[in-house]
Amino acid sequence: MDHRSKGQLVEAIIAAGPATLAVAGGFPVLLYHLVRTYPDAPEANTVTALLLAGSVWALVEFWRIALATVARKAYAFDWRFWLAAAGFLAAGIHFLPAMPAGLALVLVVLPALAWIHFILLQARRPKDA
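For clarity, every value in this text was computed on a predicted model and none was experimentally measured. (Residues numbered from 1 in each chain as written. Predicted model: local features only at pLDDT ≥ 70, side-chain atom pairs only at ≥ 80, totals over all residues. Heavy atoms only, no water.)

With that settled, consider helix H1 (residues 3-36). Compared with an ideal rise of 1.5 Å per residue, which puts 34 residues at 50 Å, H1 spans 48 Å between its outermost C-alpha atoms and is within 8% of the ideal. Its axis deflected by about 50° at Ala16, H1 carries its strongest bend there, up to four residues before the proline Pro18. Every buried residue of H1 is listed here: Ser5, Gln8, Ala12, Ala15, Ala16, Gly17, Ala19, Gly26 and Leu34. Against helix H2 (42-70) and helix H4 (101-124) lie the buried residues of H1. (Helix = DSSP H or I, 4+ residues; strand = E, 2+ residues; numbered from the N terminus. Expected span 1.5 Å × (residues − 1). Bend = angle between axes of the 7 residues up to and from the residue. Buried < 20%, exposed > 50% of the residue type's maximum accessible area, 1.4 Å probe, protein only. Contact = heavy atoms within 4.5 Å.)

Next up, the structure:
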């Protein structure tokens, strides 16, 4: 692993590490809370559960593209990528207005900027490599 790959790995860890820990630790609690309060507001809880699943999918795809970039492998921009992008945008539209600024920075903005950076690195990548 060369210095550029190590730097990209550090970038991915700094940008999405806190979001990964928060989602990994908080997702089961949020899901339990949604299931427990489902009879009170079924429509809102269903939308929130779908958006949480979209957020997890986006985070998984972020790590796939980040690790592919670090390993100098090609990343396939297929339906999984576009589903993650749609889920990320929908979750951002739903959750960002109610989120404090610091939490939004750590959970949404930093991973989004790093995701864009890795997308640009993959797009710039030679086709034969």
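Within the secondary structure, Arg125 is located in the segment after H4. The exposure class assigned to Arg125 is buried, which follows from its relative accessible area of 16%. Within the structure, the side chain of Arg125 is placed 2.7 Å from the backbone oxygen of Arg72, a separation counted as a polar contact. When neighbours within four sequence positions are excluded, Arg125 is seen to be in contact with Arg72, Lys73 and Ala74. (Polar contact = N/O pair within 3.5 Å; in protein donor to acceptor, adjacent residues only side chain to side chain.)

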